[in-house]
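# Coordinate inspection notes
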Amino acid sequence: MKSLKIFVVEDDDWFNKLIVHTLSLNPDHEVISFKTGKDCLRRLNESPDVITIDYRLPDMTGDELLEKVSESDRRIQAIVISEQNEIQTAVDLLKKGAYDYLVKSEDIRDRLLNTIKHISENRALQKEVVILKKEVREKYAFSNAVIGQSSKIKEVFDLASKALNNNITISIVGETGTGKENLAKAIHYNSIQKEGSFVAVNVAAIPDGLIESELFGHEKGAFTGAQTRRIGKFEEADGGTLFLDEIGEMSMNMQVKLLRALQEREVVRIGSNKPVSFNCRIIVATHKDLKEEVKEGNFREDLFYRLLGLSISLPPLRERGPDIILLAEHFARLFAKDNGMPPKRLSDSAKSKLNKYHWPGNIRELKSVIDLAFVLSGEEEITSDHISYSESENMDDLMVTELTLREYTRKIVQLFMKKYNNNTKTVAEKLDIGQTTVYRVLKELEEEQ
Ligand SMILES: Nc1ncnc2c1ncn2[C@@H]1O[C@H](COP(=O)(O)OP(=O)(O)OP(=O)(O)O)[C@@H](O)[C@H]1O
């Protein structure tokens, strides 16, 4: 299939042939020629991508035809071709929506091909953007993006769903890796803000001196290094969602400016005195207890209340019961898909090991544990042998995870075996138990695997 349909409207026979010939040299172009504006309008329902319009047609002027074309379909790109180089006419036509204004000069063929090439590239990019937007939307459809069926995560879904049809500020609190940004994106792509952009700023990652310009933008020359004007994240997120991660790390000085911007719903770029209004949803996230931060004088109380909005608390993974395995299976499928590999299942021993761990790094940690297990495991199955935690399991960690006495015994024996180089005699002495007990526990562990 030809990728670009071009209508050529030109009453001069010789020039018409020249343009048609020039454009038809590219096999991707389907070129249809007309002598009058009316003939062209009659076939507009065939949805051309581009129309080249002679400025002086026998039945109407170039701008009349341009207006009719844009009224009928704004996506059609019009190139007006004129005998004379009249700047004012060119400006007027471009204002009316013409893509380009070319003069019938010697290099018209090259210039026309160049313009068509730009249009073609723009079209391809636009198509790509539409496809990508659709993909992102599918990826962040709630059921695909926020995996979980535990009662705690269901409460999160219920709360989040209340925010989809309005622009209420949302504050998400949760330990590191609990999925705060993931939830913020899912809310954005399912909300009335979804046509705008999702713009994320990690407050903790930007040095204090740069955060104002990052959020509010700056004018050219506003400070050393500001070589061009740059719009800030508030303006970038206009119509969409601004996600401020690690808000608890913001300096007091910047908190005052943020409060002012949120109250006035406008920002002032550094080096300017003209306020620019914005209209975006704000979602903030933190792993800190902001109320405590307010009490300690690290966070402004007025800003705290301004940002509180709909408050969603994301539970740590260890409190999400069945979600641990659901997520583990999800990440195993994802790893297989991303790497073009066949899927693998999780053995019962693997599931049991995953369920017993206390997950200090939450979902992010689970994802990397599963990625590694996938790589280390055999063809079809991930077993407990392939599951290893980066954090060494010391006695403190042991107590964080809730286990039965029998399971604690096994863990303790395992730890001591590691510590004393698998010397069962020393382990038995250190634990003040018989060596046969050590053997029995080790045998049980072996049988379990
Ligand atoms: N419920 C979920 N379902 C599927 N994937 C999830 C879920 N929650 C989080 N993830 C994934 O876990 C990883 C960590 O999530 P995310 O970055 O959103 O956490 P965070 O709380 O914002 O982390 P931090 O506190 O470090 O900023 C990401 O890869 C994310 O896609």
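Treat the numbers as computed from the prediction; the structure is a model and nothing was measured.

### Points about the overall build of the protein
A count of helices and strands for the protein gives 20 helices and 16 strands. Per-residue burial for the protein yields a buried fraction of 29% across its 449 residues. For the protein, restricting intrachain contacts to residue pairs at least 6 apart in sequence, the fraction spanning at least 24 positions comes to 69%.

### A few points about helix H5 (residues 108-139)
Its 32 residues give H5 an end-to-end C-alpha distance of 46 Å, which sits within 8% of 46 Å, the value for a rise of 1.5 Å per residue. Among the 32 residues in H5, 2 count as buried, and that is only a small part of the element.

### Brief notes about helix H18 (residues 405-419)
Under the 1.5 Å per step criterion, the end-to-end length of H18 is 21 Å for 15 residues, consistent within 8% with the ideal 21 Å. Following H18 by one or two positions, asparagine 421 has its phi on the positive side, about 50°.

### So, the site of the ligand
As a structural note, the neighbourhood of the ligand is formed by 17 residues, with Ile147, Gly179, Lys180, Glu181 and Asn182 the closest of them. Of all the elements in the fold, those that place two or more residues in the shell around the ligand are helix H8 (180-189) and helix H16 (362-376). Across the shell around the ligand, the residue classes tally to 4 nonpolar, 8 polar and 5 charged. Counting contributing residues, the shell around the ligand receives three or more from each of domain 2 (142-315) and domain 3 (316-390).

### Some words on the environment of proline 360
If you trace the backbone, proline 360 turns up in the loop between helix H15 (348-356) and H16. Among the residues examined, proline 360 registers 17 C-beta atoms within 10 Å and is labelled partly exposed.

### Regarding the pairing of strand E10 (residues 241-245)
Of all 5 residues in E10, 5 are buried, a share of seventy percent or more. Residue alternation in E10 divides its side chains into two sets, Thr241, Phe243 and Asp245 and Leu242 and Leu244, and both sets are buried. When strand E7 (residues 198-202) meets E10, the two strands line up parallel, connected through 5 bridges. By the bridge assignment for E10, alanine 200 is matched with phenylalanine 243. Relative to strand E13 (residues 281-286), E10 is paired through 4 bridges, and the arrangement is parallel.

### With respect to the nonpolar core
With 39 residues, the main nonpolar core has Ile172, Leu183, Ile187, Phe234, Leu244 and Ile283 as its most contacted residues. At the level of secondary structure, the elements contributing two or more residues to this core comprise helix H7 (151-161), strand E6 (170-173), H8, E7, helix H9 (208-216), E10, E13 and helix H13 (301-308). The contacts of isoleucine 187, once residues within four sequence positions are left out, are Ala160, Ala163, Leu164, Ile170 and Ile283. Residues Leu4, Cys40, Leu93 and Ala98 belong to the second largest nonpolar core, which totals 27 residues.

### Examining the UniProt feature "modified residue: 4-aspartylphosphate" (unreviewed entry) in the protein
This chain's UniProt record puts "modified residue: 4-aspartylphosphate" (unreviewed entry) on Asp54. Tracing the chain through its elements places aspartate 54 in strand E3 (residues 50-54). Aspartate 54 gets classed as buried once you count the C-beta atoms within 10 Å, which come to 26. With sequence-adjacent residues up to four places away left out, aspartate 54 is seen in contact with Val9, Glu10, Asp11, Gly62 and Ile81.

### Section: the pairing of strand E1 (residues 4-9)
On any regular strand, side chains alternate: one points to one face of the sheet, the next to the other face. The buried fraction of E1 is high, at 5 of 6 residues. The parallel pair E1 and strand E2 (residues 29-34) is bridged by helix H1 (residues 13-24), and the resulting crossover is right-handed. Of the pairings in the sheet, the one linking E1 to E3 comprises 4 bridges and is parallel in character. The residue bridging valine 9 from the neighbouring strand is isoleucine 53, located in E3.

### Observations regarding the sheet that holds E10
Across the sheet, which stays open at both edges, the 5 strands sit in the order E7-E10-E13-E6-E14 with parallel pairing between neighbours. The two strands at the open ends of the sheet, each matched to only one other strand, are E7 and strand E14 (310-313). Taking each pair of neighbouring strands and ignoring which way they run, the sheet shows an average axis angle of 15°. Seen against the sheet, H8 touches E6, E7, E10 and E13 and runs at an angle of roughly 165° to E13.

Conventions used here
- Residues numbered from 1 in each chain as written.
- Predicted model: local features only at pLDDT ≥ 70, side-chain atom pairs only at ≥ 80, totals over all residues.
- Helix = DSSP H or I, 4+ residues; strand = E, 2+ residues; numbered from the N terminus.
- Buried ≥ 20, exposed ≤ 12 C-beta atoms within 10 Å, placed from the backbone.
- Contact = placed C-beta atoms within 7 Å.
- Expected span 1.5 Å × (residues − 1).
- Near = placed C-beta within 6 Å.
- Nonpolar A, V, L, I, M, F, W, Y, C, P; charged D, E, K, R; others polar.
- Domains from an automatic or database assignment.
- Pairing = 2+ DSSP bridges.
- Core = buried A, V, L, I, M, F, W, Y, C linked by C-beta atoms within 7 Å.
- UniProt positions renumbered as here; feature names shortened; annotations may be inferred.
- Right-handed = clockwise from strand over helix to strand, strands pointing away.
- Axes fitted to C-alpha atoms, helices over the stretch in contact; angles between N-to-C directions.

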